Amino acid sequence: LSHLLDPDIVYSSPFTRALETACIGIKDILPGNSELLILKEAREHKNFGGADSTGIAVGKEIVDRVKEEIKYLYEACSSSEAAAALKDF
């Protein structure tokens, strides 16, 4: 179990909700030497007729979008908590 809590790398879908989960939910096991790698192959695939897995950001826009979403999520928190969350990102 200890190797799961000390990864060298973590993979994520490029979708905002997946990156938010990775950045917020597992930030404590991503020390400075760990890497969060965004893989387009890890994204959900659109179901027939569904729009639930259509991304709206690409490339650097993905990182910018996640930063904005994290700011929005932490709006109700103190500015130091929001700053810490963005610094961790």
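Scroll up a little and you will see the structure.
Residues numbered from 1 in each chain as written. Predicted model: local features only at pLDDT ≥ 70, side-chain atom pairs only at ≥ 80, totals over all residues. Heavy atoms only, no water.

Caption draft 1: Region of the structure containing the overall build of the protein. On a plain count of helices and strands, the protein comes out with three helices and two strands. For the protein, the succession of helices and strands along the chain, N to C, is β-α-β-α-α. Across the 89 residues of the protein, 24% fall into the buried class. In the protein, the proportion of contacts linking residues at least 24 apart, taken out of those at least 6 apart, comes to 63%. Counting only carbon and sulfur atoms, one obtains 56% of the accessible surface of the protein, whose full area is about 6,500 Å². (Helix = DSSP H or I, 4+ residues; strand = E, 2+ residues; numbered from the N terminus. Buried < 20%, exposed > 50% of the residue type's maximum accessible area, 1.4 Å probe, protein only. Contact = heavy atoms within 4.5 Å. Areas by Shrake-Rupley, 256 points an atom, 1.4 Å probe, with all protein chains shown as cover.)

Caption draft 2: View of helix H1 (residues 16-25). By the burial criterion, the buried members of H1 are Thr-16, Leu-19, Glu-20, Ala-22 and Cys-23. Axial view of H1: buried residues confined to an arc of 165 degrees, hence all on one face. In H1, those exposed residues whose orientation departs by more than 90 degrees from the buried face are Thr-21 and Gly-25. Those residues of H1 that are buried are in contact with strand S1 (9-12), strand S2 (35-38) and helix H2 (60-73). (Arc of directions from axis to C-beta.)

Caption draft 3: Fine view of the nonpolar core. Counting residues in hydrophobic clusters, the biggest one holds seven residues: Leu-19, Cys-23, Ala-57, Ile-62, Val-66, Ile-70 and Tyr-74. Where this core is concerned, the elements lending two or more residues are H1 and H2. The dominant element in this core, judged by the number of residues it contributes, is H2, at three residues. (Core = buried A, V, L, I, M, F, W, Y, C linked by side-chain atoms within 4.5 Å.)

Caption draft 4: Representation of the side chain of Ser-12 in the model. Checked against the element boundaries, Ser-12 lands in strand S1. Setting aside residues up to four positions removed in sequence, Ser-12 forms contacts with Ala-18, Leu-19, Ala-22, Leu-36, Leu-37, Ile-38, Leu-39 and Ala-42.

Caption draft 5: Structural detail: the pattern of salt bridges. A complete count under the given rule lists two salt bridges for this structure. Put simply, Lys-60 and Asp-64 hold a salt bridge, and the shortest N to O gap is 2.9 Å. A residue pair is termed a helical-turn pair when its members lie 3 or 4 positions apart in one helix, as Lys-60 and Asp-64 do in helix H2 at four residues. Taking the relative accessible area as the measure of exposure, Lys-60 reaches 62% and is therefore exposed. Of the charged contacts in the structure, one is a salt bridge between Lys-71 and Glu-68, with a shortest N-O distance of 3.4 Å. Remark: Glu-68 and Lys-71 occur in helix H2; sequence separation between them is three residues, near one turn of the helix. Of the residues examined, Lys-71 reaches a relative accessible area of 40% and is grouped as partly exposed. (Salt bridge = Lys/Arg side-chain N within 4 Å of Asp/Glu carboxyl O.)

All we've got here are geometric facts, nothing functional implied.
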